[in-house]
Amino acid sequence: MTHNLVLRVVSKTLIPLIIMFALYVQFHGDFGPGGGFQAGVIMSAAIILYTLVFGLDAAERVMPPMALRILASLGVLLYGGVGVATLVMGGNYLNYTVLASTQIAGQHLGILLVELGVGITVFAVMLIIFFAFAGRGRR
Amino acid sequence: MIDVVINVTLLAFLAITAVAIVRMTNLFAIIMLYGIFSFLSAAMFVVMDAADVAFTEAAVGAGISTVLMLATMALTKDHEEKRPAGHRPWLPLAVVIVTGAALVYGTMDIPAFGDVDAPAQSHVAPYYIEKSIVDTGVPNMVTAVLASYRGFDTLGEVVVIFTAGIAVLLLLGGRRRKTAAENRGGEGNDT
């Protein structure tokens, strides 16, 4: 589809908006519908759209497979790390209250970090799966 | 009243889509209908005020699943195999009817939608409704339950997703040796 001008132009306009919406869903999840799972999927949809229009090789230059593997692990590590941090700071595992001076602030920080971890892992894993399937057709 | 009309319409469309999926043999059209089915389910969730679930259904069910199924179809055929001549539908049909009847019978005992006395509403739910804003300061109760009260479960879910990614990488991803790629060269389209 690399020669289709309309698709290229439209997707170039859409991709930044999709990424913007994913970030909104990620960080506004405390207040409205959404959260890490949805944001990760929407973010990966942006890259998948890019892959469909510009091809797998171009997409792998934007998102190297190795970076995706690191990101996938990083998200889980971030989530687990928040739990370990709360243990070290004297609370139960994943009890965010001890993260900051007040309970509300601690919970806010903990939920934000944990949702970020979820988002990063979901984003990376969705792309890993998509690239694995799409890569088989290339050869 | 309007809820009933919307629900009946959506359920009717769901049933029509399901029948269409069963009757079609063109896999490309079936995948598109799966996407429509997911969107209709998402609309059902919106009617039931479950915005977060609807969001996930629309993004994962209609978006990513459709793309992954299309990618899978690109590796195989885009038409169903013709049924073998001696194929008899009676046994599968009987199994489906008995299972379906059992499930419908089971729904008789499910409490009505929004019933205050339902088990789901009478254990921890009242606590979440009253205390989640005090405990966490997060207005979206779903996020408070998902990330804070049930943080352990969500950690498990993330690990499940991570494991799925690793499994796909092990099975399909990575760089293959040349000989393996050449051996597979001709058979890719008919298995």
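What you see is a predicted model; the values in this text were computed from it and never measured. (Residues numbered from 1 in each chain as written. Chains lettered and ligands numbered in written order. Predicted model: local features only at pLDDT ≥ 70, side-chain atom pairs only at ≥ 80, totals over all residues. Heavy atoms only, no water.)

### Considerations on the overall build of chain B
Defined as follows: Secondary structure counts use DSSP, requiring at least four H or I residues in a row for a helix and at least two E residues in a row for a strand, with both numbered from the N terminus. The globule rule is 2.2 Å times the number of residues to the power 0.38, and the radius of gyration it is compared with is taken over C-alpha atoms. Burial classification: accessible surface area is computed with a 1.4 Å probe over protein chains only, and a residue below 20% of its type maximum counts as buried, one above 50% as exposed, and the rest as partly exposed.
Check the secondary structure of chain B and you find nine helices and zero strands. Reading the secondary structure of chain B in the N-to-C direction produces α-α-α-α-α-α-α-α-α. Since a compact globule built from 191 residues should have a radius of gyration of about 16 Å, the 22 Å found for chain B marks it as more spread out than a globular shape. The principal-axis extents of the C-alpha atoms in chain B amount to approximately 65 × 45 × 30 Å. Sorting the 191 residues of chain B into buried and exposed places 25% on the buried side.

### What about unusual backbone geometry?
The phi dihedral of Leu94 of chain A is positive, around 65°, even though this residue is not glycine. Of note, the phi angle at Asp49 of chain B is positive, near 65°, even though the residue is not glycine. With respect to the helices and strands, the residue Asp49 of chain B is situated in the loop between α2 (27–47) and α3 (51–75).

### Digging into the confidence of the model for chain B
Threshold: Here pLDDT means the predictor's own confidence in every residue, given as a number from 0 to 100. Throughout, a residue-residue contact means that at least one pair of heavy atoms, one from each residue, lies within 4.5 Å.
Scored by pLDDT, chain B has a mean of 84; 91% of the residues are at 70 or more. Note on residues 177–181 of chain B: pLDDT under 50 across the span, and zero contacts to partners over four residues away in sequence or across chains.

### Considerations on helix α1 (residues 5–27) of chain A
The condition is simple: Between the first and last residue of a helix there are one fewer steps than residues, each counted as 1.5 Å, and that sum is the expected span.
For α1 of chain A, spanning 23 residues, the distance from its first C-alpha to its last is 34 Å, which sits close to the expected 33 Å at 1.5 Å a residue. Restricting attention to buried positions, one finds in α1 of chain A the residues Ser11, Ile15, Ala22, Val25 and Gln26 of chain A.

### Some words on the packing of α2 of chain B against α3 of chain B
Axis angle and axis distance: for two packed helices, these are the angle between their axes and the distance between the axes, and together they describe the pair. Residues and elements named next belong to chain B. Just so we agree on the cut-off: Geometry is summarised by axes, namely lines fitted to C-alpha atoms with helices restricted to the contacting stretch, and by angles between N-to-C directions that run from 0 to 180 degrees. Oblique is the label for any angle not covered by the other classes, which are roughly parallel (under 35 degrees), roughly antiparallel (over 145) and roughly perpendicular (65 to 115). The nonpolar class holds Ala, Val, Leu, Ile, Met, Phe, Trp, Tyr, Cys and Pro. Asp, Glu, Lys and Arg form the charged class, and all remaining residues, Gly among them, are polar.
Relative to each other, α2 and α3 sit at 175°, their axes nearing to 8 Å. One way to sum up the angle between α2 and α3 is to call them roughly antiparallel. Contacts between α2 and α3 pair Leu27, Phe28, Ile31, Met32, Tyr34, Gly35, Ser38, Phe39, Ser41, Ala42, Phe45 and Val46 from the former with Val53, Ala54, Glu57, Ala58, Gly61, Ala62, Thr66, Met69, Leu70 and Met73 from the latter. The class makeup of the residues in the contact of α2 with α3 is 16 nonpolar, five polar and one charged.

### Remarks on a nonpolar patch on the surface
Residues and elements named next belong to chain A. To keep things clear, this is the line we draw: Here, patches come from residues exposed beyond 30% relative accessible area and free of salt bridges, joined within 9 Å for like charges and within 5 Å for nonpolar side chains (Val, Leu, Ile, Met, Phe, Trp, Tyr). Note on areas: Shrake-Rupley, 1.4 Å probe, and residue coverage restricted to the protein chains presented here. Salt bridge, as used here: a side-chain nitrogen of Lys or Arg that lies within 4 Å of a carboxyl oxygen of Asp or Glu.
Residues Val6, Val10, Leu14 and Leu17 make up a contiguous nonpolar surface patch of roughly 360 Å² in combined accessible area. Note on placement: Leu14 falls in helix α1. Note on Leu14: relative accessible area 38%, which makes it partly exposed.

### Let's talk about the environment of Ala58 of chain B
All names here are of chain B. In this fold, Ala58 is placed in helix α3. With relative accessibility at 24%, the residue Ala58 sits in the partly exposed group. Here the alpha-carbon distance between Ala58 and Val4, two residues 54 residues apart in the chain, equals 22 Å.

### Quick look at the interface of chain B and chain A
We count it as follows: Take the accessible area each of two parts loses on contact, using a 1.4 Å probe, and add the two losses: that sum is the buried area. Two N or O atoms form a polar contact when they lie within 3.5 Å of each other; inside protein one atom must be a possible hydrogen donor and the other a possible acceptor, and for residues adjacent in sequence the pair counts only when both atoms belong to side chains.
With 42 residues of chain B in contact, the opposing surface of chain A contributes 43 residues. Across the interface of chain B and chain A, roughly 3900 Å² is buried in total on both sides, 75% from carbon and sulfur atoms. Taken together, chain B and chain A are joined by twelve residue pairs in polar contact (both at pLDDT 80 or more). For the side of chain B that touches chain A, the secondary-structure elements that each account for two or more residues are α3, α6 (125–136), α7 (141–149) and α8 (151–171) of chain B. The element contributing the most residues to the side of chain B that touches chain A is α8 of chain B, with 13 residues. Split into classes, the residues belonging to the side of chain B that touches chain A amount to 25 nonpolar, twelve polar and five charged.

### Let's talk about the pattern of salt bridges
All names here are of chain B. In this structure the tally under the stated criterion is one salt bridge over all chains. Arg150 is the salt-bridge partner of Asp153, the closest N and O atoms lying 3.9 Å from each other. Since its relative accessible area comes to 44%, Asp153 is described here as partly exposed.

### Things to note about the side chain of Thr136 of chain B
Turning to its location among the elements, Thr136 of chain B is positioned in helix α6. Taking relative accessible area as the criterion, Thr136 of chain B reaches 1% and is therefore assigned buried. Polar contacts involving the side chain of Thr136 of chain B include one to the main-chain carbonyl oxygen of Ser132 of chain B, which spans 2.7 Å. Once residues within four sequence positions are removed from consideration, Thr136 of chain B is found in contact with Ile104, Gln107, His108 and Ile111 of chain A together with Ala144 and Ser148 of chain B.

### Quick notes on the packing of aromatic side chains
In this description, an aromatic ring pair is defined by two values, namely the gap between the centres and the angle between the planes. So the rule is basically this: Two rings belonging to Phe, Tyr or Trp (six-membered ring only in the last case) form a pair when the distance between their centres is within 6.5 Å. Interplanar angles under 30 degrees mark stacking, angles over 60 mark edge-to-face geometry, and anything in between is tilted.
Within the structure shown, the criterion is met by eight aromatic pairs over all chains. Ring geometry for Tyr50 of chain A against Phe54 of chain A: centres 4.7 Å apart, planes inclined by 25°, an arrangement best described as stacked. You can see Tyr50 of chain A and its partner Phe54 of chain A sitting in helix α2 (residues 36–54), four residues apart, about one turn around the helix. When its relative accessible area of 24% is taken as the criterion, Tyr50 of chain A is described as partly exposed. Overall, the relative accessible area of 13% leaves Phe54 of chain A in the buried class. Consider the rings of Tyr128 of chain B and Tyr149 of chain B, whose centres lie 4.6 Å apart with planes at 40°: the pair is tilted. In this pair, Tyr128 of chain B is assigned in helix α6 and Tyr149 of chain B in helix α7, connecting sequence segments 21 residues apart.

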